[in-house]
Amino acid sequence: MKILAIDTSCDETSCAITDGRKVVSNVIYSQILIHSKWGGVVPSLAKRAHEEKIDYVVNECLRKYRDPIETIDYFAVTQGPGLAIALEVGIKKIKQLSLQYNKQLIPVNHLEGHLYSSFVQNSKGNPKQSFMFPYLGIIISGGHTEIVRIKDHVSYETLGETIDDAAGEAIDKAAKMLGLGYPGGPVVERLAREVKNREIYHFPRPMIKNQSLNFSFSGLKTSLYYFLKEMNENKKLSQLKDIASSYQEAIFDTLITKTEKAMKETGISRLIVGGGVIANMRLRRLFRGLVNTYEGEVLFPPYSYLTGDNAAMIGVAAYYKAKKNIFVKNLTQLDRIPRFPLPKYYL
Ligand code: KG4
Ligand code: ZN
């Protein structure tokens, strides 16, 4: 089943053609250079860049695919969550294509894509990892921090989520305060890797003792703000690595503690972890350590482009939705849903 999928939820314009779990063609245009000088994603610039690149990205994806577009069975698109004016660009394009080629359209929640990203295969069908439900899905990105129980394909139940900032956002905001640029995750990881003692400074872990599986990261960012206020510039510079590492540990410790709590409550010890932050090797190691103590397993996106936003994961999620007959009923009424929680159950 060939699916052409588009994601324009944030600052990547992406198109992929998938065949089941296999990625046959994939193009991602990243807007990072556009947004980095502003220290974060600027919605109006994102919209303009998506509009400028969408045709190129789709055409390039089809060119790499080589077969004619008529051989595509279905189209798929990210409906939300994401930036409204960015989502609109992808939705407009996919509507055009669906009408022009008279194909059914599969609506995808961006978070479903991150959950399926661990199962995306290359064009040769690797890696071959098969599904073993149920899973706990953990999404850790710039916009989301969620723990989801996945009972079967396309069957989700959100167990916990952030009540304010996402984990990636908390790292990005810290990086901005430390003058490290945007996005902060990779720089903070690089600095943190160079220290011997990972946690010289202790930053708080908000809500860690709370009964719920929810997260809160905005207080952590505030605590860094006051911590830095007390420090002179020279000391700040000389302690940069220690601060980055200690701050990173506070976030990662919170993620691991809440995940462990979810594992105990649900009895599920198989994890799939997706989202930009799981590019971080220290965090991967912590998750591996966690599942080892429970004789469980953890899956990560198998290729690096799959941690960040991409349309390949949307195409793979769409495949499992098509198998369950989930299509857009009225094409003209399809609209973006900027705040789009994972539906409890699709069926
Ligand atoms: O999934 P993603 O590309 O976009 C969203 O849907 O939000 O995630 C972006 C986030 C940013 O906050 C970025 O700083 C973070 O992922 N990130 C990392 C690393 N690489 C990207 N965080 C920690 N360590 C990294 N190596
Ligand atoms: Zn994302």
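- An unreviewed UniProt entry annotates the chain as tRNA N6-adenosine threonylcarbamoyltransferase originating from Candidatus Roizmanbacteria bacterium RIFOXYD1_FULL_38_12.
- The UniProt entry for the chain carries the following text under Sequence similarities (unreviewed entry): "Belongs to the KAE1 / TsaD family."
- Of the comments in the UniProt record for the chain, the one headed Catalytic activity (unreviewed entry) reads "L-threonylcarbamoyladenylate + adenosine(37) in tRNA = N(6)-L-threonylcarbamoyladenosine(37) in tRNA + AMP + H(+)".

## Brief notes about the packing of helix α2 (residues 43-65) against helix α3 (residues 84-101)
For step 1, the next point in the chain: The N-to-C vectors of α2 and α3 enclose an angle of 25°; their axes lie 8 Å apart at closest approach. Put simply, α2 runs roughly parallel to α3. Judged by the sense of rotation from one axis to the other, the crossing of α2 with α3 is right-handed. Facing α2, whose interface residues are Pro43, Ser44, Lys47, His50, Glu51, Ile54, Asp55 and Val58, α3 presents Ile85, Ala86, Glu88, Val89, Lys93 and Leu97.
For step 2, the next point in the chain: Its residues assigned to classes, the contact of α2 with α3 shows 7 nonpolar, 2 polar and 5 charged.

## Topic: the packing of aromatic side chains
For step 1, the next point in the chain: Going through the model one piece at a time under the given rule, you end up with 14 aromatic pairs.
For step 2, the next point in the chain: Through a chain of ring-to-ring contacts, the aromatic side chains of Tyr116, Phe119, Phe131, Phe133, Tyr135, Tyr319 and Tyr320 assemble into a single cluster.
For step 3, the next point in the chain: It is Lys53 that lies over the ring of Tyr56; its NZ or CZ is 5.9 Å from the centre.

## A word on the UniProt feature "domain: Gcp-like" (unreviewed entry) in the chain
For step 1, the next point in the chain: Summarizing the sequence annotation, UniProt attributes the feature "domain: Gcp-like" (unreviewed entry) to residues 22-315 in the numbering used throughout.
For step 2, the next point in the chain: Between the C-alpha atoms that bound residues 22-315 the distance is 9 Å, and the span itself is 47% helix and 17% strand.

## Points about the site of ligand 1
For step 1, the next point in the chain: Taken together, 20 residues are adjacent to ligand 1, and Gly142, Asp172, Gly185, Glu189 and Gly276 come closest.
For step 2, the next point in the chain: A distance of 3.1 Å is found between an oxygen atom of ligand 1 and a side-chain nitrogen or oxygen belonging to Asp309.
For step 3, the next point in the chain: Considered on its own, ligand 1 offers 560 Å² of accessible surface; in the complex 86% of this is hidden by protein.
For step 4, the next point in the chain: Elements represented by at least two residues in the shell around ligand 1 include exactly α4 (110-116), α5 (167-177) and α6 (184-193).

## Remarks on the UniProt feature "binding site: substrate" (unreviewed entry) in the chain
For step 1, the next point in the chain: The sites that carry the UniProt feature "binding site: substrate" (unreviewed entry) are, in the present numbering, Ile139, Ile140, Ser141, Gly142, Gly143, Asp172, Gly185, Glu189 and Asn280.
For step 2, the next point in the chain: Residue placement: Gly142 occurs in the loop between β6 (135-140) and β7 (145-152).
For step 3, the next point in the chain: The topology assignment puts Asp172 in helix α5.
For step 4, the next point in the chain: Excluding its chain neighbours within four sequence positions, the residues that come into contact with Asp172 are Tyr182, Pro183, Gly184 and Gly185.

## Here's the deal with the coordination of the zinc ion (ligand 2)
For step 1, the next point in the chain: Those protein atoms acting as donors to the zinc ion (ligand 2) are His110 (NE2), His114 (NE2) and Asp309 (OD), and they sit at 2.1 Å.
For step 2, the next point in the chain: Metal-centred angles of 90 to 136° between the 4 donor atoms at the zinc ion (ligand 2) mark the site as irregular.
For step 3, the next point in the chain: Donor residues for the zinc ion (ligand 2), ordered by position in the chain, follow H-x3-H-x194-D. Of this pair, His110 and His114 are both found in helix α4, 4 residues apart, which corresponds to roughly one turn of the helix.
For step 4, the next point in the chain: Assessed through its relative accessible area of 4%, His110 is described here as buried.

Definitions and cut-offs
Residues numbered from 1 in each chain as written. Chains lettered and ligands numbered in written order. Predicted model: local features only at pLDDT ≥ 70, side-chain atom pairs only at ≥ 80, totals over all residues. Heavy atoms only, no water. UniProt positions renumbered as here; feature names shortened; annotations may be inferred. Axes fitted to C-alpha atoms, helices over the stretch in contact; angles between N-to-C directions. Helix = DSSP H or I, 4+ residues; strand = E, 2+ residues; numbered from the N terminus. Parallel < 35°, antiparallel > 145°, perpendicular 65-115°, else oblique. Left-handed = near helix turned anticlockwise from the far one by under 90°. Contact = heavy atoms within 4.5 Å. Nonpolar A, V, L, I, M, F, W, Y, C, P; charged D, E, K, R; others polar. Phe/Tyr/Trp six-rings, centres within 6.5 Å; stacked < 30°, edge-to-face > 60°. Lys NZ or Arg CZ within 6 Å of the ring centre and 35° of its normal. Near = heavy atom within 4 Å. Polar contact = N/O pair within 3.5 Å; in protein donor to acceptor, adjacent residues only side chain to side chain. Areas by Shrake-Rupley, 256 points an atom, 1.4 Å probe, with all protein chains shown as cover. Donors = N, O, S within 2.8 Å, 3.2 Å for Na, K, Ca; no water. Tetrahedral: all angles 85-135°; square planar, octahedral: opposite > 155°, others 65-115°. Buried < 20%, exposed > 50% of the residue type's maximum accessible area, 1.4 Å probe, protein only.

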